[in-house]
Amino acid sequence: MIEEYSGQNRMYDTVQPTITRTEINEESAVVTAEAEFTYHEETGDKSTTVSHAGVYTV
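Here we summarise the structure given alongside this text. Not measured: the values here are computed from a predicted model.

## Some details on the sheet that holds strand S2 (residues 29-41)
Argument step 1. Read from one edge of the open sheet, 3 strands run S1-S2-S3, paired in antiparallel fashion. Every other strand in the sheet has two partners, leaving strand S1 (10-24) and strand S3 (47-57) as the edge strands with one partner each. Each adjacent strand pair in this sheet contributes to an overall mean axis angle of 15 degrees, direction not counted.
Argument step 2. Pairing between S1 and S2: 13 bridges, direction antiparallel. Residue pairing in the sheet places Thr22 in a bridge with Val31 of S2.

Okay, structure coming up:
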């Protein structure tokens, strides 16, 4: 996920993660999560926000 949102001149201001669901099974767990990333480019003052959602098995 970091590679997907990285940029050479990108500076992250905030990352706000939220776990929306957790399901625990005998041998694994499924986690549903969302995150909101706010960043700006080093060369400008404009901030951009990107939202991401994913389901992860651990």
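## Overview of the environment of Glu42
Argument step 1. Within the fold, Glu42 resides in the loop between S2 and S3.
Argument step 2. C-alpha separation for the pair Glu42 and Gln8, spaced 34 residues apart in sequence, amounts to 9.2 Å.
Argument step 3. Here Glu42 is in contact with Asn9 and Met11, once residues within four sequence places are set aside.

Definitions and limits used
- Counting restarts for each chain, with residues numbered from 1 along the sequence as it is written.
- It should be noted that, the model being predicted, local features are given only for residues of pLDDT at least 70 and side-chain atom pairs only at 80 or more, the latter also being counted only at that level, while totals for whole chains, interfaces and linings use all residues.
- Calculated side-chain values reflect all of the structure's heavy atoms, with hydrogen atoms and water omitted.
- We treat two strands as partners when DSSP finds at least two bridges between them.
- Under the DSSP-based scheme used, a helix requires at least four consecutive residues in state H or I and a strand at least two consecutive residues in state E, with every element numbered from the N terminus.
- Angular values range over 0 to 180 degrees, each being the angle between N-to-C directions of two axes fitted as lines to C-alpha atoms, with helices fitted over their stretch in contact.
- Should any heavy atoms of two residues lie within 4.5 Å, those residues are considered in contact.

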